[in-house]
Amino acid sequence: MTNRHLPTFDHLPAREEIIKRIIDHWPLERKTEVIPVTEGLGRIPAADVFSQVTLPVLRASAGDGIAVNSACFSQGPPDTGNWVLGVDYARADTGDDFCDSFDAVIMIEDVSFAADGGLTIREGVAVKPGSCVRPAGSTVRAGQRLVQANLPLRPRDLAGLQMGGVQEITVWKKPVTAFIPSGSELIPPGAPLSRGKNIDTNSLLVSKTLEQLGAEPLCFPIVPDAYEPLKQALLTALAQADIVLINGGSSKGDEDCTATLLHENGRVLCHGSQAVPGKPLCAAIIQGKPVINLPGPFMAAYHGLEWCVNNLVSHYLQQPPRARQLLQATLTKEVRGSDMVSILLVVEVERKKDGSGYWATPMSFKDIPLARTIAANGQYMTKLDEYIPAGGEIQVQLLRSLAQIPQADY
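The shown structure was predicted, so the numbers you read here are calculated from the model rather than taken from an experiment. (Residues numbered from 1 in each chain as written. Predicted model: local features only at pLDDT ≥ 70, side-chain atom pairs only at ≥ 80, totals over all residues. Heavy atoms only, no water.)

This paragraph deals with the overall build of the protein chain. A tally of regular secondary structure across the protein chain gives seven helices and 27 strands. Relative to the compact-globule value of 22 Å for 410 residues, the protein chain shows a C-alpha radius of gyration of 31 Å, a clear excess of over 25%. Taking the principal axes of the C-alpha coordinates as reference, the protein chain spans close to 100 × 55 × 45 Å. In the protein chain, which comprises 410 residues, the share counted as buried stands at 47%. Partitioning the intrachain contacts of the protein chain with sequence separation of at least 6 by distance along the chain shows that 75% fall at a separation of at least 24. Looking at the protein chain as shown, the accessible area adds up to about 20400 Å², and 51% of this sits on carbon and sulfur atoms. The average position of the 37 basic charges and that of the 44 acidic charges among the side chains of the protein chain differ by 6 Å. (Helix = DSSP H or I, 4+ residues; strand = E, 2+ residues; numbered from the N terminus. Rg over C-alpha atoms; globule rule 2.2 N^0.38 Å. Buried < 20%, exposed > 50% of the residue type's maximum accessible area, 1.4 Å probe, protein only. Contact = heavy atoms within 4.5 Å. Areas by Shrake-Rupley, 256 points an atom, 1.4 Å probe, with all protein chains shown as cover. Lys, Arg positive; Asp, Glu negative; His and termini not counted. Charge placed at Lys NZ, Arg CZ, Asp CG, Glu CD.)

As structure tokens, this is what we get:
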């Protein structure tokens, strides 16, 4: 089927405007689920969670030591040479409760034990009621808030929940995000490669990116460039997913029919974006769900994930979009933007040899092999009609940790 809905690329909307259009037209109904605390890492609590228990229940030793009766010390240090374990004192390790006949703890470093069973307490140690004793609830109290709604759960939060007697937690369900790779030229990884064929690597790129963003990926098998198979895949995806991504068929090629599919089955909010690579991106609402037609090339799909899908998943989870670490660096050559689109540049970042900062070498993804583009440690998005000369400063988005930036030879 010939594509009857071609992008004109006139009056292209900015990335921010496209995201606003999608969110404004998305009748989102978030869902929750109850999961074990042990499976909660990175999940988003749907409500505040409060402790169900009080710890310590009564009291506990604040450190390793011996529990004593403080009344024995009211007139000064007693003679402890004949003290008997279990009668005059008890051992009390950190966090331990102890017999009610004792009300204070002396730290173990202030006690010397004799071979015959007696003990000596270091001179000058003050012993009062409650000394070195943690009262009831000093760890956590029933009803105390343990985690706040909409803040991602960290390992320490999970431990805190268990400390408060919480075994299950209600979290926002991950948005199921379907990915439909389309293209008659595509073959799955490991299949014999022949002339005119290309390996589908975008499915792996998308599924792992979705996992990082907090979504649940639902990857479909490759669909050929034909209207009916794509329509059936789309309808199946809409029945199962909260967000649908179709990869390929968005531009002006003879076999590009995906955008037509979106136009004829829903409300298209944009067909073309002010973002390169990926300018032909098409976004629609179909059956109340966002359907994004990501352009097929690897970097175009990657870029669409960075700015579009990132925002949609984050919106569902009520989280800020994932942001890359920024680093100010000095340009080794000029950056020249476009007056029509913002351009994603590949950037190689290096430490200056003299330790005074960082170098940034920008490159167009069109001018270098894709493998080198993928391996880059930074990226930069130009502004409209932007020009920065060599020697100027830019804020690079890091794709590796700061500790992994190599040192330059200059």
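More follows now that the structure is in view.
This part is about the environment of Glu-350. Within the secondary structure, Glu-350 is located in strand E23 (residues 342–351). With relative accessibility at 23%, the residue Glu-350 sits in the partly exposed group. C-alpha separation for the pair Glu-350 and Arg-156, spaced 194 residues apart in sequence, amounts to 35 Å. Here Glu-350 is in contact with Gly-357, Tyr-358, Trp-359, Ile-405, Pro-406, Gln-407, Ala-408 and Tyr-410, once residues within four sequence places are set aside. A polar contact is formed between the side chain of Glu-350 and the side chain of Tyr-410, at a distance of 3.0 Å. (Polar contact = N/O pair within 3.5 Å; in protein donor to acceptor, adjacent residues only side chain to side chain.)

Another aspect to go through is unusual backbone geometry. The step from Leu-55 to Pro-56 runs through a cis peptide bond, and the omega angle for that step is -15°. With respect to the helices and strands, Pro-56 occurs in the loop between strand E2 (49–50) and strand E3 (59–61). Residues other than glycine seldom take positive phi values, yet Gln-318 does so here, at roughly 55°. Position of Gln-318 relative to the elements: it lies in the loop between helix H6 (298–317) and strand E21 (326–331). Backbone geometry at Asp-385 places phi at a positive 55°, although glycine is not the residue there. Structurally, Asp-385 can be placed in the loop between strand E25 (378–381) and strand E26 (387–388). Assessed through its relative accessible area of 59%, Asp-385 is described here as exposed.

What follows concerns the sheet that holds strand E6 (residues 104–107). Read from one edge of the open sheet, three strands run E5-E4-E6, paired in antiparallel fashion. Each end of this open sheet is capped by a strand with a single partner; those strands are strand E5 (90–92) and E6. Shown here is a sheet whose adjacent strand axes are inclined to one another by a mean of 40°, direction ignored. With four bridges joining them, strand E4 (residues 65–68) and E6 adopt antiparallel strand pairing. Looking across to E6, one finds that Ala-67 is bridged to Val-105. (Pairing = 2+ DSSP bridges. Axes fitted to C-alpha atoms, helices over the stretch in contact; angles between N-to-C directions.)

With that settled, consider the nonpolar core. Looking at soluble globular proteins, one finds that nonpolar side chains tend to be buried together. Judged by nonpolar contacts, the single largest core of 59 residues is most densely connected at Ile-22, Leu-245, Ile-292, Leu-312, Val-313 and Val-349. With 11 residues, the top contributor of residues to this core is H6. Contacts of Ile-22, omitting those with residues within four sequence positions, involve Leu-269, Ala-283, Ile-285, Pro-290, Ile-292, Cys-308 and Leu-312. Membership of the second largest hydrophobic core comes to 22 residues, among which are Ile-180, Leu-230, Ala-233 and Leu-234. (Core = buried A, V, L, I, M, F, W, Y, C linked by side-chain atoms within 4.5 Å.)

Our focus in this paragraph is the pattern of salt bridges. Throughout the structure, instances matching the rule amount to 14 salt bridges. One salt bridge connects Lys-31 with Asp-242, and the closest N-O pair in it is separated by 3.2 Å. Here the residue Lys-31 occupies a position in the loop between helix H1 (15–24) and strand E1 (32–36), and Asp-242 occupies one in the loop between helix H4 (227–240) and strand E16 (243–247), the gap between them amounting to 211 residues. Exposure remark for Lys-31: the relative accessible area of 43% places this residue in the partly exposed category. Exposure remark for Asp-242: the relative accessible area of 11% places this residue in the buried category. In this structure, Arg-322 engages Glu-306 in a salt bridge whose closest nitrogen and oxygen atoms are separated by 3.1 Å. (Salt bridge = Lys/Arg side-chain N within 4 Å of Asp/Glu carboxyl O.)

Within the open sheet, the six strands sit side by side as E15-E12-E16-E20-E19-E17. Their pairing is mixed. What marks the edges here is a single partner per strand, and that holds for strand E15 (216–219) and strand E17 (267–271). Put simply, the sheet's adjacent strands are angled 20° from each other on average, direction ignored. Across four bridges, the pairing between E17 and strand E19 (residues 282–286) is antiparallel. Within E19, the residue paired with His-271 across the bridge is Cys-282.

With that settled, the discussion passes to the pairing of strand E20 (residues 289–294). Burial runs high along E20: six of the six residues are buried. The alternating pattern of E20 places Lys-289, Val-291 and Asn-293 on one face and Pro-290, Ile-292 and Leu-294 on the opposite face, and all of these are buried. For E16 and E20, the ladder comprises four bridges, and the chain directions are parallel. In the strand pairing of E20, Val-244 is matched with Val-291. Across five bridges, E19 lies against E20 in antiparallel orientation.

Limitation: the analysis is restricted to geometry and does not speak to function.
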